[in-house]
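Residue-level listing of the chains:
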Amino acid sequence: MVQSNSLEHRIPSDAFERLLQTRRKKMDPKNIEAARELLVEGLALQYVADKYGLTKQRALAIRDKLYAAYVQLPPDGWETATVCAPKDMLDQFLIKVGECRREIQNVRANNGTRVKKPK
């Protein structure tokens, strides 16, 4: 096996499984395994493309699509709800939720490393 040098586009195994729960029916099993090897195991793009009979561009598209969906996954412990409240209160709440989501997405995009905002 050929390990990729890049740490970009990596997903923890448990997050990959959670992601698949929403997409498994839409994806070819071969593409799921290719995505797992790229995103979870960190194998090289060309190696995985050759192994599964994909073009490099198709393997890249599969990887990028699932990685984008991973970045958008609700964080563990978050729930979806419908809320009825005064507009100003909802506006403040949505601003705070947006800030939290952006911070989580930033951490995910940087492979679990929190990046400090410039002052």
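Okay, so let's go over this structure. (Residues numbered from 1 in each chain as written. Predicted model: local features only at pLDDT ≥ 70, side-chain atom pairs only at ≥ 80, totals over all residues. Heavy atoms only, no water.)

Considerations on the overall build of the protein
- Per the secondary structure count, the protein includes 5 helices and 0 strands.
- Helices and strands appear in the protein in the N-to-C order α-α-α-α-α.
- For the protein, with 119 residues in total, the buried portion stands at 31%.
- Within the protein, contacts between residues at least 6 apart in sequence are counted, and of these 64% link residues at least 24 apart. (Helix = DSSP H or I, 4+ residues; strand = E, 2+ residues; numbered from the N terminus. Buried < 20%, exposed > 50% of the residue type's maximum accessible area, 1.4 Å probe, protein only. Contact = heavy atoms within 4.5 Å.)

Observations regarding the packing of aromatic side chains
- With the rule as written, the count across this model stands at 1 aromatic pair.
- Aromatic side chains Tyr67 and Tyr70 sit 5.7 Å apart centroid to centroid with 50° between the ring planes, which places their arrangement in the tilted category. Highlighted residues: Tyr67 and Tyr70, both in helix H4 (residues 56-72), separated by 3 residues, approximately one helical turn. The same class applies to Tyr67 and to Tyr70, which are both buried. (Phe/Tyr/Trp six-rings, centres within 6.5 Å; stacked < 30°, edge-to-face > 60°.)

Some words on the packing of H4 against helix H5 (residues 87-109)
- For the pair H4 and H5, interaxial distance at closest approach is 9 Å and the crossing angle is 140°. In terms of their interaxial angle, H4 and H5 are classed as oblique. Residues Tyr67, Tyr70, Val71 and Gln72 of H4 form the contact with H5, whose own contacting residues are Arg101, Gln105, Arg108 and Ala109.
- Residues that form the contact of H4 with H5 fall into these classes: 4 nonpolar, 2 polar and 2 charged. (Axes fitted to C-alpha atoms, helices over the stretch in contact; angles between N-to-C directions. Parallel < 35°, antiparallel > 145°, perpendicular 65-115°, else oblique. Nonpolar A, V, L, I, M, F, W, Y, C, P; charged D, E, K, R; others polar.)

Section: the environment of Ile104
- Within the fold, Ile104 resides in helix H5.
- Of the residues examined, Ile104 reaches a relative accessible area of 24% and is grouped as partly exposed.
- Separated by 33 residues in sequence, Ile104 and Val71 have C-alpha atoms that sit 8.5 Å apart.
- Those residues in contact with Ile104 that lie beyond four places of it in its chain are Pro75 and Trp78.

Some details on the pattern of salt bridges
- Taken as a whole and judged by the stated rule, the model has 5 salt bridges.
- Note that Lys51 is salt-bridged to Glu37, the shortest N-O span being 2.7 Å. Of this pair, Lys51 sits in helix H3 (residues 45-52) while Glu37 is found in helix H2 (residues 29-39), placing the two residues 14 residues apart along the sequence.
- By relative accessible area, Glu37 is classed as buried at 6%.
- For Asp64, the salt bridge identified is with Arg63, shortest N-O distance 2.8 Å.
- For Asp64, a relative accessible area of 32% translates into the label partly exposed. (Salt bridge = Lys/Arg side-chain N within 4 Å of Asp/Glu carboxyl O.)

Regarding H2
- Of all 11 residues in H2, 8 are buried; the element is thus mostly enclosed.
- Considered for burial, the residues of H2 that qualify are Asn31, Ile32, Ala34, Ala35, Arg36, Glu37, Leu38 and Leu39.
- On the buried face of H2, the contacting elements are helix H1 (13-23), H3 and H4.
- For H2, the N-terminal capping position is held by Asp28, with its side-chain oxygen 2.7 Å away from the main-chain nitrogen of Lys30. (Polar contact = N/O pair within 3.5 Å; in protein donor to acceptor, adjacent residues only side chain to side chain.)

What is shown is where atoms sit, not what they do.
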